[in-house]
Amino acid sequence: MLNPADDSFAAICQDRLPQDILQRPSPRHLEEPRRAWSGSSQWVALPHTTDDVSQIVKLCAKHRVGILPYGGGTGLVGGQVAPTGAPLLVSLERMSRIRDVRPNENSLIAESGAILQDVQDAAKTVDRLFALSLASQGSARIGGLLSTNAGGVNVLRYGNAREQVLGLEAVLPDGSIWNGLKRLRKDNTGYDLKHLLMGAEGTLGIITAAVLKLAPIPASTGTAIFQVKSPAAALDLLALARDQLGDMVSGFELIGKTGLEFLAQTLPDIRQPWKTPPEWCVLVDLGLATGMDAETALADLFETALEAGLTKDGVIAQSVAQSQAFWAIREHIPDANRAIGAIASHDVSLPLDLIPEFIETAPSKIAAIADMRINCFGHLGDGNLHYNVFPQPGKTRDNYKGEKSAITAAIHDLIDDMGGSFSAEHGIGRLKSKDLAHYGDPAKLAAMRAIKDALDPNGIMNPGAVFA
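Here's what I pulled together on the structure shown here.

Each value, and the rule that gives it
- Residues numbered from 1 in each chain as written.
- Predicted model: local features only at pLDDT ≥ 70, side-chain atom pairs only at ≥ 80, totals over all residues.
- Heavy atoms only, no water.
- Pairing = 2+ DSSP bridges.
- Helix = DSSP H or I, 4+ residues; strand = E, 2+ residues; numbered from the N terminus.
- Axes fitted to C-alpha atoms, helices over the stretch in contact; angles between N-to-C directions.
- Contact = heavy atoms within 4.5 Å.
- Buried < 20%, exposed > 50% of the residue type's maximum accessible area, 1.4 Å probe, protein only.
- Arc of directions from axis to C-beta.

1. Side note on the sheet that holds strand E18 (residues 384-390)
Thought 1: A sheet is described by the order of its strands in space; here seven strands give the open sequence E15-E12-E14-E13-E17-E18-E16, paired in antiparallel fashion. Each of the sheet's edge strands pairs with one partner strand only, and the pair in question is strand E15 (314-316) and strand E16 (347-349). Neighbouring strand axes in the sheet, compared pairwise and without regard to direction, differ in orientation by 15° on average.
Thought 2: Bridge count between strand E12 (residues 220-228) and strand E14 (residues 280-288): nine bridges; the pairing is antiparallel. Bridge assignment links Ile225 to a residue of E14, and that residue is Leu283.
Thought 3: Packing of helix H11 (residues 355-367) onto the sheet brings it into contact with strand E13 (249-256), E14, strand E17 (373-379) and E18, and relative to E18 it is tilted by some 20°.

Written as structure tokens, this is what we have:
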């Protein structure tokens, strides 16, 4: 059993730590974006340095007090809030320095509390790109993004968060500091601890800094929206785009009619390219090398797709402002979803060639439970769909409370049967810990538990997250 981080433990910490580190948590520390849980923590630690983090963890280990690492609080699966147990919140928000930028070797060292947008801006000052990009980048922090192996809109070209990291610095559950900030592209010296910590959601240690990979800024960028008749046609268009342009396709997003209708209903100021929303469309983003023109490349892609019968209409952005307007459509779909009020939301992934079958099959599984609307959209280029279920007009999600668990079970069962994942990019947290126990491969779960027990024998690191 773990002990709470109560006032008596706080008194011990205040005797051993700088006086400004321990504070009462603010409301933002005790809630998460979907308001599914409220935190129980009575105290939050706000370290200034990695040594501070080490001392905090050593005290928690000695007194068997749970630790809840906290980044920007933007996670969607409850990994950053603990409804019970009153663990000590450890927020890295004060550790936000950019320690080093080396454009010649395409690397940057950032502390875990650095906001993603600030990291991107630091890279731009030296004419480089940090490619991790997602809607919450104005508040999400590097430590949390790496701990959850965040995805976003550029995975197709640059990979998930873990693929954009060269090294880590971290505090392990006994308080020891792992100094792994090597700027190496090759380092075959045994187990790769950075990949173990990334995606562990704070259950194996606290990431305090990272060496991040940078990339050249594309010489020419372009964005277009093409109508497609089906998800299968969208996949054919993706294959065509990659045949013509290779890895210069940065983003390829699938958007359905329901999502566009929700936008028109709830956010009418978001301009859409068509008065009548198509059944399906794709948002294509390119980043090209010197000597190539993105607008010409998109026009060539459209002509070829038109001849192949993959599209019948499209709009190519003529300016940066129009490109941003196109992306605003995709980025505001989650806001429209929240305004409508989803009954159940699903973050799933599949092998690319099975996506059309899933989209065709899933509605019948839901219809067998109740009559509902579906908004399917997401990162088609990397097989990640956000498959959300909504009330019919005139009803609210409160009318479907009894069906929510059945809907999620039906979708996750189908995904599992098709060899997909019930958690593509959001992680496990507390929301999906039972799903992991149910759908996870037994050998993998046993190995995960063995690793957790070996590194964190007292179970102090983010108790209740990942493992139910």
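Right, picking up where we left off after that structure.
2. With respect to helix H1 (residues 7-16)
Thought 1: By the burial criterion, the buried members of H1 are Phe9, Ala10 and Cys13. Summarising the axial view, the buried residues of H1 lie within an arc of 100°, below the 170-degree limit, and thus occupy one face.
Thought 2: Tucked into the core, H1 has its buried residues touching strand E1 (22-23), helix H2 (50-63) and strand E4 (88-91).

3. Regarding the sheet that holds E4
Thought 1: Overall, mixed pairing links the four strands, which are arranged E1-E2-E4-E3 in an open sheet. Looking at strand neighbours, the two that pair on one side only are E1 and strand E3 (67-70), the edges of this open sheet.
Thought 2: The pairing of E1 with strand E2 (residues 44-45) spans two bridges and is antiparallel. In the strand pairing of E2, Leu22 is matched with Ala45.
Thought 3: Packing against the sheet, H2 makes contact with E2, E3 and E4, and its axis sits at approximately 165° to E4.

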